[in-house]
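# Architecture and fold: a report
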Amino acid sequence: MGMFEGLAGRLQEAFARLKSKGKLSEADVDEAMKEVRRALLAADVNFTVVRDFVARVRERAVGQEVMKSLTPAQQVIKIVHDELTALLGGKPSTLNLSGRPAVVMLVGLQGAGKTTTAGKLAQWVRKQGRRPLLVAADVYRPAAVRQLQTLGEALKVPVFSVDGDADPVEISKSSLERASQEGCDVVLVDTAGRLHVDDALMEELERMKAAVVPGEILLVVDAMTGQSAVEVAEAFHGRLGLTGAIFTKLDGDTKGGAALSILSVAGCPIKFAGVGEKLDALEPFYPDRMASRILGM
Amino acid sequence: TGRRRLDDALFDELEELLILADVGVDQAVEWVEDLRKQARERGVREAGELRPLLRELLLDVLGRDSAPLQIHPGSLSVVLVVGVNGAGKTTTLGKLAHRLTGEGRKVLLAAGDTFRAGAIEQLHVWGSRAQVDVIRQQQGSDPAAVVFDAIQAGRSRGVDVVLCDTAGRLHNKTNLMAELEKIRRVAAREVDGAPHEVLLVIDATTGQNALTQAELFSRSAGVTGVVLTKLDGTAKGGMALTIRRRLGIPVKFVGVGEGIEDLEPFDPEIFVDALLGTDGAEGRENS
Ligand SMILES: Nc1nc2c(ncn2[C@@H]2O[C@H](COP(=O)(O)OP(=O)(O)OP(=O)(O)O)[C@@H](O)[C@H]2O)c(=O)[nH]1
Ligand SMILES: Nc1nc2c(ncn2[C@@H]2O[C@H](COP(=O)(O)OP(=O)(O)OP(=O)(O)O)[C@@H](O)[C@H]2O)c(=O)[nH]1
Ligand SMILES: [K+]
Ligand SMILES: [Mg+2]
Ligand SMILES: [Mg+2]
């Protein structure tokens, strides 16, 4: 998108209606903040998160000198973009693989992309010179184990699964033994999708965490998620203490404002972006690009 | 509870409620404007009357009746499910097979997702649960060929409904959308009026992107109805309202769990009451 479409264009219009002066007045800023609010809401940033964000940006913008080279619209865009980037984590961050084995647990709502992401991470981890073991701890979804096995076969990465009605806590515990037997030093645990309000299944995750003590607990989130991202992240973070998130399906045309919602409540970095169904479609998460995307620039 | 007069804060609260339900900011603003106008016209004075009024307004948008599946007794009907990745297509199809079988129809499933790992096996599990046969080919084969096979099998077995799964796809991928057009063409060539239903499956947690999904899937696949899944979570699924308002596509079913019984015909009143936090009886009383 060009520089003056989306929020930039609307801000420019807003300022054109006002008579611009050397400094941004409160009225100028309020007018601009209406447009910022609308743009963020239209990008699916959570209502409450938008309110806090706009208040902070407003404070920064009031009374600012309008730099000679910039129009007021660009000035505000810059402030908004900087604040967004900072909130989104500033610099890309990576996985903590310090344990032996390093244990990474993937959690999230149904259909978010956990199993696929487990496969992608196996490939990524191997590229770091490590030896991953995929763990099929989803015993609920039909053919979930088969799905992970198929990915493991494609990657030639071992998959640990248990036949019959095994308990996910037991599965994850015994996967650690298997890892040491097979000489694997990274264990990637794929868990079943679950609703954040499902008390029994959330409790199961707590027990899994206690059993394997993961160095990373990653919330896998669909980038198309709307307003409920906040309560989902709150619930998973509250129960498990998330160490990071992975944002999937960014190959779509969604703005992805849910990223901001997640970071505002969980405070942990978004570590990767899923950008396709194939196993190599995993990228580092770039906060500044995400900020531009949310703003439609 | 004390009586509260109408003020701007009250309308702002309702706008917030709609935005939090994912109807989208522009749509929320439009409906709250409509509400203001109606409140003025009807001389509404008290806060308590506003929600019932909004309830009526939203029900006018949705229509008050559930929209039944267009399948025709005595002849073969073809139903496609389409949608983005992970929305709940395969699960919905399993539930739908069970529901239609329960209504006495003879059903066949087509494993039209030949792409995703484990997709065929997943549908197979649903087929056994619903006691319905699944027509399948190898992973990687042409989905239109699977649908073709299923229609032939359906015809020779005297089946009422062939339910076709498709792989999840993002609507901005032109080549994948073209594949849906091909599936559609094959169905249309084999059976008069097919596909009789093209159900767009949408995850209730989806934000504004749902509207674009509905637009682009309609263009390629000719969507006839929406299935809103995962409504057993806390998401309100407000985009379904916006889709109805902007594109006229009705919601036909809602998914309320992962079990085989967890598919319900869409009930506009229950949906709107859940969204607004109104009680159905109270809402009606006040209107
Ligand atoms: N386009 C795209 N599709 C993705 C991406 N990540 C995952 N998917 C697809 O999303 C769908 C769901 O992915 P899964 O990995 O099965 O999701 P899950 O979270 O394991 O699902 P459950 O186990 O049922 O909760 C599949 O069709 C994947 O191919 C991505 O980054 N881009
Ligand atoms: N809680 C809940 N989960 C659901 C519902 N419908 C589907 N799911 C779950 O959502 C996840 C994805 O469902 P699928 O049926 O595999 O979705 P899909 O659209 O076929 O996915 P792809 O084929 O990968 O694009 C699974 O874990 C399902 O059990 C629902 O109504 N409620
Ligand atoms: K989803
Ligand atoms: Mg999975
Ligand atoms: Mg499927």
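Residues numbered from 1 in each chain as written. Chains lettered and ligands numbered in written order. Predicted model: local features only at pLDDT ≥ 70, side-chain atom pairs only at ≥ 80, totals over all residues. Heavy atoms only, no water.

## Quick look at the site of ligand 2
Heads up, the rule is: Think of it this way: one heavy atom of a residue within 4 Å of a molecule or strand is enough to make that residue near it. Here a polar contact is recorded for every N or O atom pair within 3.5 Å, except that within protein the pair must consist of a potential hydrogen donor and a potential acceptor, and residues adjacent in sequence are included only if both atoms are side-chain atoms. In this text, helices come from DSSP runs of H or I with a minimum length of four residues, and strands from runs of E with a minimum of two, each type numbered from the N-terminal end. Think of it as three bins: nonpolar holds Ala, Val, Leu, Ile, Met, Phe, Trp, Tyr, Cys and Pro, charged holds Asp, Glu, Lys and Arg, and polar takes everything else, Gly as well.
As a matter of local geometry, ligand 2 sits amid 23 residues, with Gly 88, Lys 89, Thr 91, Arg 116 and Glu 258 of chain B nearest to it. Chains contributing residues to the immediate surroundings of ligand 2 are chains A and B. A distance of 2.8 Å separates an oxygen atom of ligand 2 from a polar backbone atom of Gly 88 of chain B. Between ligand 2 and Gly 257 of chain B, the relevant distance is 3.3 Å, taken from an oxygen atom to a main-chain nitrogen or oxygen of the residue. When residues in the shell around ligand 2 are grouped by element, the largest group, four residues, is from helix α4 (residues 89-102) of chain B. Each residue belonging to the shell around ligand 2 can be placed in one class, and the counts come to four nonpolar, eleven polar and eight charged.

## Regarding unusual backbone geometry
Across the junction of Arg 100 of chain A and Pro 101 of chain A, the peptide omega takes the value -5°, indicating a cis bond. Mapped onto the elements, Pro 101 of chain A comes out in the loop between α4 (72-87) and β1 (102-107). The peptide bond linking Ala 194 of chain B to Pro 195 of chain B adopts the cis configuration, its omega dihedral lying at -10°. For Pro 195 of chain B, the location among the structural elements is in the loop between α7 (174-190) and β5 (197-203). Even without glycine at this site, Lys 249 of chain A takes up a positive phi of about 65°. Locating Lys 249 of chain A in the fold gives a position in the loop between β6 (244-248) and α10 (258-266). Despite not being glycine, Asp 22 of chain B has its phi angle at roughly 75°, a positive value.

## With respect to the environment of His 72 of chain B
Residues and elements named next belong to chain B. Just so we agree on the cut-off: Whether two residues are in contact is decided by their heavy atoms: any pair within 4.5 Å suffices.
Checked against the element boundaries, His 72 lands in the loop between α3 (50-62) and β1 (77-82). In this structure the C-alpha to C-alpha distance between His 72 and Val 159, which are 87 residues apart in sequence, comes to 11 Å. Setting aside residues up to four positions removed in sequence, His 72 forms contacts with Ser 77 and His 196.

## Describing the sheet that holds strand β6 (residues 225-229) of chain B
Residues and elements named next belong to chain B. Counted only if it meets this: Between any two strands, at least two bridges found by DSSP are needed for them to pair. Angles shown run from 0 to 180 degrees and are taken between the N-to-C directions of axes, each axis being a line fitted to C-alpha atoms and, for helices, limited to the stretch in contact.
In spatial order, the strands read β3-β2-β4-β1-β5-β6-β7-β8; together these eight strands make up an open sheet with mixed pairing. A strand with exactly one partner marks an edge of an open sheet, and here the two such strands are β3 (133-135) and β8 (263-265). Strand-to-strand twist of the sheet, defined as the mean angle between neighbouring strand axes without regard to direction, takes the value 25°. One ladder, built from three bridges, connects strand β2 (residues 107-110) with β3; its direction is parallel. Bridged to Ala 110 within β3 is Ile 135. Sheet strands touched by helix α6 (residues 143-156): β1, β2, β3 and β4 (161-164). Its angle to β2, the strand with the most contacts, is close to 165°.

## Description of the packing of helix α1 (residues 8-20) of chain B against α3 of chain B
Residues and elements named next belong to chain B. Which entries qualify depends on this criterion: In what follows, roughly perpendicular refers to angles from 65 to 115 degrees, roughly parallel to angles under 35, roughly antiparallel to angles over 145, and oblique to any angle outside these ranges. For a crossing to be left-handed, the near helix must be turned anticlockwise from the far one by less than a right angle; the clockwise case is right-handed.
The N-to-C vectors of α1 and α3 enclose an angle of 45°; their axes lie 11 Å apart at closest approach. Of the possible angle classes, the one that applies to α1 and α3 is oblique. Two packed elements cross with a definite hand, and for α1 against α3 that hand is right-handed. When α1 is examined against α3, the residues Leu 10, Phe 11, Leu 14, Leu 17 and Leu 18 are found in contact with a partner set consisting of Leu 50, Arg 51, Leu 54 and Leu 58. When its residues are assigned to classes, the contact of α1 with α3 shows eight nonpolar, no polar and one charged.

## Looking at the site of ligand 1
The criterion, for reference: Here the accessible surface of atoms and residues is derived via Shrake-Rupley with a 1.4 Å probe, and residues count as covered only by protein chains that are part of the display.
The full set close to ligand 1 counts 23 residues, and Gly 113, Lys 114, Thr 115, Thr 116 and Arg 141 of chain A are the nearest of them. More than one chain lines the surroundings of ligand 1; the residues nearby belong to chains A and B. In this structure, an oxygen atom belonging to ligand 1 sits 2.7 Å away from a side-chain N or O atom of Thr 115 of chain A. Within the backbone of Gly 274 of chain A, one N or O atom sits 3.2 Å away from an oxygen atom of ligand 1. Its free accessible area being 650 Å², ligand 1 has 96% of it covered by the protein chains. Element by element, the count of residues in the shell around ligand 1 is highest for helix α5 (residues 114-127) of chain A, at four residues.

## As for α4 of chain A
All names here are of chain A. For clarity, the cut-off: How far a helix is expected to stretch is found by multiplying one less than its residue total by 1.5 Å. The buried label applies to any residue whose accessible area, calculated with a 1.4 Å probe on protein chains only, is under 20% of its type's maximum; exposed applies above 50%, and partly exposed to all values in between.
Taking 1.5 Å of rise per residue, 16 residues should cover 22 Å, and α4 covers 23 Å from first to last C-alpha, within 8% of that figure. Those residues of α4 lying buried are Pro 72, Ala 73, Gln 75, Val 76, Ile 77, Ile 79, Val 80, His 81, Glu 83, Leu 84 and Thr 85. Gly 89 sits one or two positions beyond α4 and adopts a positive phi of about 120°.

## Focus on the pattern of salt bridges
If charged atoms from side chains of opposite charge come close, those side chains can pair. Which entries qualify depends on this criterion: One side-chain nitrogen of Lys or Arg within 4 Å of one carboxyl oxygen of Asp or Glu is enough to make a salt bridge.
The final tally for this structure, using the stated rule, is 34 salt bridges over all chains. Between Arg 207 of chain A and Glu 203 of chain A there is a salt bridge whose closest N-O contact spans 3.7 Å. Linking Arg 207 of chain A with Glu 203 of chain A, this pair stays in helix α8 (residues 199-212), spanning four residues, or about one helical turn. Owing to a relative accessible area of 36%, Glu 203 of chain A belongs among the partly exposed residues under this scheme. With a shortest N-O distance of 3.9 Å, Arg 99 of chain B and Glu 103 of chain B are connected by a salt bridge. The exposure class assigned to Arg 99 of chain B is partly exposed, which follows from its relative accessible area of 26%. Each of Arg 55, Glu 56, Asp 60, Arg 64, Glu 269 and Asp 273 of chain B takes part in a single network of salt bridges with overlapping partners.

## Details of the nonpolar core
Heads up, the condition is: Only buried Ala, Val, Leu, Ile, Met, Phe, Trp, Tyr and Cys residues count toward a nonpolar core, and they belong to the same one when joined by side-chain atoms within 4.5 Å.
One finds Phe 236 and Phe 247 of chain A together with Leu 18, Leu 58 and Leu 163 of chain B to be the most contacted residues of the largest nonpolar core, which totals 176 residues. No other element matches the eight residues that α3 of chain B contributes to this core. In contact with Phe 236 of chain A, not counting residues within four places along its chain, are Val 107, Gly 108, Leu 109, Arg 194, His 196, Met 202, Leu 205, Leu 219, Gly 241 and Leu 242 of chain A. Within the second largest apolar cluster, 25 residues are counted, among which are Leu 97, Ala 112, Val 186 and Leu 279 of chain A.

## Some points on the pairing of strand β7 (residues 270-274) of chain A
Residue and element names in this part refer to chain A. Put simply, the test is: For the handedness criterion, the strands are oriented away from the viewer, and a crossover whose path from the first strand over the helix to the second runs clockwise is classed as right-handed.
For β7, the tally of buried residues reaches five of five residues, placing the bulk of the element in the interior. As paired elements, β6 and β7 share three bridges and run parallel to each other. Directly across from Phe 247, in β7, lies its bridge partner Ala 273. Once you follow β6 into α10 and on to β7, the crossover reads as right-handed. Pairing analysis gives three bridges linking β7 to strand β8 (residues 282-284), with the strands arranged antiparallel. Each bridged residue has a counterpart across the sheet, and for Ala 273 the counterpart in β8 is Glu 283.

## With respect to the interface of chain A and chain B
How we decide: Two parts placed together each lose some accessible area under a 1.4 Å probe, and the buried area is that loss summed for both.
If you look at the interface, chain A gives 35 residues, while chain B gives 39 residues. When the two sides are added together, the surface that chain A and chain B hide from each other amounts to roughly 3100 Å², 55% of it contributed by carbon and sulfur. Per-residue buried area on chain A facing chain B is highest for Pro 142, Met 224 and Glu 277 of chain A; these three make up 19% of the total on that side. At the surface where chain A touches chain B, the tally comes to three salt bridges. The interface formed by chain A and chain B holds 16 residue pairs in polar contact (both at pLDDT 80 or more) in total. If you list the elements that add at least two residues to the side of chain A that touches chain B, you get α2 (26-42), α3 (47-61) and α6 (144-155) of chain A. Taken together, the residues of the side of chain A that touches chain B sort by class into eleven nonpolar, 13 polar and eleven charged.

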